[in-house]
Structure formats: C-alpha cells, structure tokens
Amino acid sequence: MKSLISINDFNKEEMLHVLDLAEKYEAEPNCPIFNDKVIACIFFEPSTRTRLSFEAAASRLGARVIGFASLAATSIAKGESLKDTIKMVSNYADMIVMRHHLDGAARYASEIAGCPVINAGDGANQHPTQTLLDMYSIRKTQGTLENMSITMVGDLKYGRTVHSLLQAMSHFNPRFHFVSCPELAIPAEYRHFLDSRNIPYTEHHTLEGQISNTDILYMTRIQQERFQDPMEYERVKNLMSLDASMLTDTKPNLRILHPLPRIKEIATNVDDRPEAYYFEQARNGVFTRMGIFTYLMNQ
Ligand code: CP
C-alpha cells in the first residue's frame, strides 16, 4: 500500500514511470481496468481542476467515485474530527484523494487510513500530482526534462506547486530563477534543498530581463487564502504580471505554465500566444492522474 503525499515519496524512476503511463492514457483515454474500485475524492478546500480531473481520471479507468467538495457538507461541520472522518472514508473506498487547508493534513490522513491516500494539495506545503502533470507538460513541450531553465514567478512562499515542482525537477539538472516580491520569496528550506544538491538558482524582484533565456516560465497566483493580514495581500496582489508585450526576444521553445486558477498575473492577451500552455497543461492532468491511480493501485 503506497500513498503519494509529498513528491519526495516518488523516486526519479517512479516519476518517469507515471509520465509514461500518462502518455499511454493520452493516446487511449478509456481503459476501464478498475471497475471493481471505489475512489473517494474528499476536498476540504475549493478546487476546480484537481477535483474534476481526478474524477474524470477515475471514471475513464472505470472506477466509481464518492466524496465531497467542501467541509460544510460533512459531519466535521457538526464537530467530528478529521481522524474519525478519515477512518470512515477509508471504510468506504479503495483509495482516497484529499485536499486540505492544513500543511501536513494529508500525511496525517495516510497514517490513519486503511487505504492509500493521494495528496491533492495540503496548505502551502505540497501538491505532488500537480507536479507530475507539470512534468508531463514540460516533457511533452520540450521533448526532455533535462537541463531546463525554469523561471518561477509570483507567490513562491505559499505556492505549494512551486515547492513540489522544484524538488521533482532537482533530478533533472535544472537552473531556477525565482521572481517575487521580497515578502513572497522562496522559503529558506527550499533554498537549502537546492544548495544541498548544488542546483543553481538566482532570485529577482522583477520579471523584466528574466524571460529571454527561459525554457519554462512558471507563473503562479498570489495565494490570498494563506495571508494572515488582508492588507498585506492587497499590497502585493498585482506586483507580478505577464503581458503579451513582454514576450519579445524569447526562446522558440518557451512555454508558459500556470497551475491555475489565474487572477491577474497573466493578462488574457497572452492566451492566444503560441507560448501559452496553461489550458493544455490542465488537460494533461486527467492523463497524469490516470497514471498515478494505475501506479498506486498496483503497489
Ligand atoms: N491547479 C489546481 O490545484 O487548481 P484547482 O485549485 O482548481 O484544483
């Protein structure tokens, strides 16, 4: 029984295996191999892409899906603990997909559940399945995961997709450029992680001058829901944004990724540019999550 809580739960070979499965599923998306399985998608935090693409992935594999999309619809609203809730859900399902607002909640659930747990995002900590679909998108658009110059922009402090992705890409000899205001800089633990692996990175406070040598421009939303002080969010919310006029002098292979949802950090005039890849990236989530289900069910 294997769970996926942090991207570090998978080694390089396991990640590549999931990407290969995703490629197979993109070519043949209807494979009802799990029609004897029930998958619980339990989301304590809002989601559009992650929940629906997990449900689509389960459906395309023939599994039945149960679950809920908000805490208000559960007996937690009546005072039941997370521990008891997870025990109940694992009575009913063969695998649990869980999103929660607290860092560490998915790991806690995996220690209680009698079935594997997939972390669909826990607080500002990790979003490993987003990372695998990001990697799938990088490999699909670049032909390789090796030697990428990756510029990560926006909320690098609370952005869990950034944290998971930089750890995963550390297996593939990347160079990182981090662009954020000082308040939302990449946390020290991730800088130490990169230092310990001799992975080069630079930090910047403006996107100007950072795009021309980039292969992957990874834009992120400012995570309003993680701010203690609403005024602090107001002050930083529009500091980093990408406009089509900034996409001159770019590498021909440049692709713009964003885990979505976007607010104002990518202007809509970027959407029709050939570099814009964020909507296809979200579509890749279905195939990647089919690959994740398949790998974990077979452990
Ligand atoms: N990328 C992502 O996690 O999007 P949702 O919040 O819509 O699931």
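Heads up: the structure comes first, above all this text.
Residues numbered from 1 in each chain as written. Predicted model: local features only at pLDDT ≥ 70, side-chain atom pairs only at ≥ 80, totals over all residues. Heavy atoms only, no water.

A. Inspection of the sheet that holds strand E5 (residues 149-153) at higher detail. In space, the 5 strands of this open sheet follow the order E7-E6-E5-E8-E9, with parallel pairing throughout. Here the strands that pair on one side only, and so sit at the sheet edges, are strand E7 (201-204) and strand E9 (255-257). Mean inter-strand twist for the sheet, computed between neighbouring axes without regard to direction, equals 20 degrees. Note that E5 and strand E6 (residues 175-179) share 5 bridges and pair parallel. When the sheet's bridge partners are listed, Thr151 is paired in E6 with His177. Its contacts with the sheet place helix H6 (residues 160-169) against E5, E6 and strand E8 (216-219), and it is angled at close to 165 degrees to E5. (Pairing = 2+ DSSP bridges. Helix = DSSP H or I, 4+ residues; strand = E, 2+ residues; numbered from the N terminus. Axes fitted to C-alpha atoms, helices over the stretch in contact; angles between N-to-C directions. Contact = heavy atoms within 4.5 Å.)

B. Spatial organisation of the site of the ligand. In the region of the ligand, the neighbouring residues are Ser47, Thr48, Arg49, Thr50, Arg99, His127, Gln130, Pro259 and Leu260. The separation between a nitrogen atom of the ligand and a polar side-chain atom of Gln130 is 3.0 Å. Between a nitrogen atom of the ligand and a main-chain N or O atom of Leu260, the distance comes to 3.1 Å. In the complex, the protein chains occlude 92% of the 250 Å² of accessible area that the ligand would expose alone. Of the residues contributing to the shell around the ligand, the split by class is 2 nonpolar, 5 polar and 2 charged. (Near = heavy atom within 4 Å. Polar contact = N/O pair within 3.5 Å; in protein donor to acceptor, adjacent residues only side chain to side chain. Areas by Shrake-Rupley, 256 points an atom, 1.4 Å probe, with all protein chains shown as cover. Nonpolar A, V, L, I, M, F, W, Y, C, P; charged D, E, K, R; others polar.)

C. Quick peek at the environment of Ile266. Considering the arrangement of structural elements, one finds Ile266 in the loop between E9 and helix H9 (278-297). The spatial distance from the C-alpha of Ile266 to the C-alpha of Thr220 is 9.0 Å, given a sequence separation of 46 residues. The residues contacting Ile266, other than those within four sequence positions of it, are Met219, Leu242, Ile256, His258 and Tyr278.

D. Summary view of the nonpolar core. Judged by nonpolar contacts, the single largest core of 57 residues is most densely connected at Leu132, Met135, Met152, Leu166, Met169 and Phe293. With 8 residues, the top contributor of residues to this core is H9. Once you skip the residues sitting within four places of it in the chain, Leu166 turns out to touch Met152, Phe176, Phe178, Ile186, Tyr190, Phe193 and Leu194. The next biggest cluster of nonpolar side chains, apart from the first, holds 20 residues, and it includes Ile5, Val38, Phe44 and Leu82. (Core = buried A, V, L, I, M, F, W, Y, C linked by side-chain atoms within 4.5 Å. Buried < 20%, exposed > 50% of the residue type's maximum accessible area, 1.4 Å probe, protein only.)

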